[in-house]
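Okay, here's what each chain looks like letter by letter:
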Amino acid sequence: MPDRAPGPASGPPAPDEEQARPQRPPGTFKVGTIAGSDVLVSSSWFLVAGLIAIVMAPRVEQVSPGLGLGKYVAGLAFAVVLYLSVLLHEASHAIMARRCGFPVTSITLHFLGGMTAIEGEARRPRDEFWIAVVGPITSVLVGVAAVGLWFVTPDGLLKMAVEGLAGANLLVGVLNLVPGLPLDGGRVLKSVVWGLTGNMHRGTIVAGWGGRITAAAVLGYPLVQDQLTGTPPEVLDFALAFIVAAFLWSGSTQAMASARLRRKLPHLVARDLARRTLAVPDDLPLAEAVRRAQEAEAGSIVTVTGSGSPVGVVNEAALHATPEERRPWVAVSTVARTLADGISLPATLTGEDLILAITRTPAAEYLLVEDDGTIFGVLSTADVDRAFRAATR
């Protein structure tokens, strides 16, 4: 099961700072909170729950005959119990990620299992390893506990459920250790290669190829199922193999593309992209501020207090939207964005740190400051976007 949402290296945010961000992905709804993170259920979960109920119905009928439609209710109850163990798997990822200092926004249960949305990328192979491996370990422990419980559970539906829970968790735990992204085992492999080579991106590429090889093996499994298990494949076997293989191939390919992209991100340096900046009093008429900026050949304007402390960054779009005949009569502060959290950034930011910083707080302009708090310049999202596109061609 994947343990991260997509990272921030897909590009800078759109300069539209008013753009609202949805609180949760479409097609999901919140059912609670665990380990400090929202628990979301995707609409696709109901599809897999129904499939589990249908698949389990003959077994339920065999164990407890005469239930009628109740056999499907029992199958659905098993699906709920099974996904509670999946939730434990994902919660372990969330808890370990928090212990390593990473924010966790949500845990989502979906058709193929679950996903824990962890913000940011691990900075050390050790963190990557433990965040990834703890999920399969949890599943194996749940499976072993269920095996022990099986010996003291009386015959009937309850024993059947314990048996299924044991088998499913042991299978999930073992399969998730397969060394290929986006499985947890792929992240374990990534951390090992990263630790040996000192190159995180190389670890991702190797683990991505592991995911592609795994996807090809899954796709071909129904063709050899009869020889391996003595059970001829059915249409459902081919369908599930295709879905899982597509999921693995897509996830591994996306991870590899992201790794190749991140190799080029160090070329993005905030200091090199900054515009020359003019500091003006926040009550200065806008027309005069523009005149002074043109005279100083400055590409941006920062408003400051009487003591010289920066208070805002002039928004270029708002400036151009103000008619020239009105500019002598309005203060420059009317087209400036207040320096709230995230708008003032260190001038030393580079690469992924730079992209992550402007992704967290979308804006059109950012104030860059030195370590001592002095103004270095203004960073425009449009300039970052152009540099990003040039670096990734």
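Structure first, text after, so check above.
Predicted, not measured: the structure shown is a model, and the values here were computed from it.

### What to know about the overall build of the chain
Then, number 1: When you go through the chain residue by residue, the secondary structure sums to 12 helices and 11 strands.
Then, number 2: A globule of 393 residues ought to have a C-alpha radius of gyration of about 21 Å, yet the chain, at 27 Å, is considerably larger.
Then, number 3: Seen through its principal axes, the chain has C-alpha atoms that stretch 90 × 45 × 35 Å.
Then, number 4: Burial statistics for the chain: of 393 residues in total, 44% are counted as buried.
Then, number 5: The contacts in the chain between residues at least 6 apart in sequence include a share of 64% that link residues at least 24 apart.
Then, number 6: About 19,900 Å² of surface is accessible on the chain, with carbon and sulfur atoms providing 63% of the total.

### Some points on the packing of aromatic side chains
Then, number 1: For the structure on display, the rule yields 5 aromatic pairs.
Then, number 2: Where Trp45 meets Phe46, the ring centres are 5.2 Å apart and the plane angle is 80°; that geometry is what we call edge-to-face.
Then, number 3: Grouping aromatic residues by their ring pairs yields a cluster made of Phe29, Trp45, Phe46 and Tyr83.
Then, number 4: Positioned above the aromatic ring of Trp150 is the side chain of Lys159, whose terminal nitrogen or guanidinium carbon lies 4.1 Å from the ring centre.
Then, number 5: Above the ring of Trp209, the side-chain terminus of Arg212 is found at 4.9 Å from the ring centroid.

### A short note on a nonpolar patch on the surface
Then, number 1: On the surface, a cluster of nonpolar side chains totalling about 590 Å² of accessible area is made up of Val55, Leu112, Leu219, Leu236, Leu240, Phe242 and Ile243.
Then, number 2: Among the elements that line the nonpolar patch, the one with the most residues is helix 7 (residues 235–262), at 4 residues.
Then, number 3: For Leu240, the location among the structural elements is in helix 7.

### Digging into unusual backbone geometry
Then, number 1: Cis geometry is adopted by the peptide bond preceding Pro182, which originates at Leu181 and carries an omega value of 5°.
Then, number 2: Note on placement: Pro182 falls in the loop between helix 4 (157–175) and helix 5 (184–197).
Then, number 3: We note that Glu297 has phi near 55°; this positive angle belongs to a residue other than glycine.
Then, number 4: Note that Glu297 resides in the loop between helix 9 (286–295) and strand 6 (300–304).

### What about the side chain of Gln225?
Then, number 1: Along the chain, Gln225 turns up in helix 6 (residues 200–229).
Then, number 2: Setting aside chain neighbours within four positions, we find Gln225 in contact with Gly230, Thr231, Pro232, Pro233 and Asp237.

### Notes on the packing of helix 3 (residues 125–150) against helix 4
Then, number 1: The geometry of helix 3 relative to helix 4 is characterised by a closest axis approach of 7 Å and an angle of 150° between their N-to-C directions. Considering their axes alone, helix 3 and helix 4 lie roughly antiparallel with respect to each other. Our pair here, helix 3 against helix 4, has a crossing hand that is left-handed. Side by side, helix 3 and helix 4 meet where Pro136, Ser139, Val140, Val142, Gly143, Val144, Ala146, Val147, Leu149 and Trp150 of the first sit next to Lys159, Val162, Glu163, Leu165, Ala166, Asn169, Leu170, Val172 and Gly173 of the second.
Then, number 2: Its residues assigned to classes, the contact of helix 3 with helix 4 comprises 13 nonpolar, 4 polar and 2 charged.

Definitions and cut-offs
Numbers given for residues are sequential positions, taken from 1 along each chain in its written order. This being a predicted model, a pLDDT of at least 70 is required before a residue's local features are given, and a value of 80 or more before pairs of side-chain atoms are given or counted; all residues contribute to the totals for chains, interfaces and linings. Derived side-chain values reflect all non-hydrogen atoms in the structure, with water molecules and hydrogen atoms excluded from consideration. Runs of E in the DSSP output that reach at least two residues are strands. Runs of H or I that reach at least four are helices, and both are numbered from the N terminus. Only C-alpha atoms enter the radius of gyration; for comparison, a globular chain is expected to reach 2.2 Å times N to the power 0.38, where N is the number of residues. A simple rule labels every residue: compare its accessible area, found with a 1.4 Å probe on the protein chains alone, to the largest value its type can have, and call it buried under 20%, exposed over 50%, or partly exposed in between. Every residue pair with non-hydrogen atoms within 4.5 Å of one another is taken to be in contact. Accessible areas in this description were obtained via Shrake-Rupley with a 1.4 Å probe; residue shielding takes into account the shown protein chains only. Centres within 6.5 Å are what make two rings of Phe, Tyr or Trp a pair, Trp counting through its six-membered ring; a difference in plane orientation under 30 degrees is then read as stacked, over 60 as edge-to-face, and the rest as tilted. Two conditions define a charge located above a ring, namely a distance within 6 Å from the ring centre to NZ of Lys or CZ of Arg, and an angle within 35 degrees of the ring normal. Only residues whose relative accessible area exceeds 30% and that form no salt bridge enter a patch; like-charged residues are grouped when within 9 Å of one another, and nonpolar side chains (Val, Leu, Ile, Met, Phe, Trp, Tyr) when within 5 Å. Salt bridges are defined as contacts in which a side-chain nitrogen from Lys or Arg sits within 4 Å of a carboxyl oxygen from Asp or Glu. For helices, the fitted axis covers only the stretch in contact; all axes are lines through C-alpha atoms, and the angles between them, taken along N-to-C directions, range from 0 to 180 degrees. Put simply, angles under 35 degrees are roughly parallel, angles over 145 are roughly antiparallel, angles from 65 to 115 are roughly perpendicular, and the rest are oblique. Crossing chirality is assigned from the near helix's rotation relative to the far helix, an anticlockwise turn below a right angle marking it left-handed and a clockwise turn marking it right-handed. When residues are grouped by polarity, Ala, Val, Leu, Ile, Met, Phe, Trp, Tyr, Cys and Pro land in nonpolar, Asp, Glu, Lys and Arg in charged, and all others, Gly among them, in polar.

Read these as layout, nothing more, since geometry by itself doesn't imply function.
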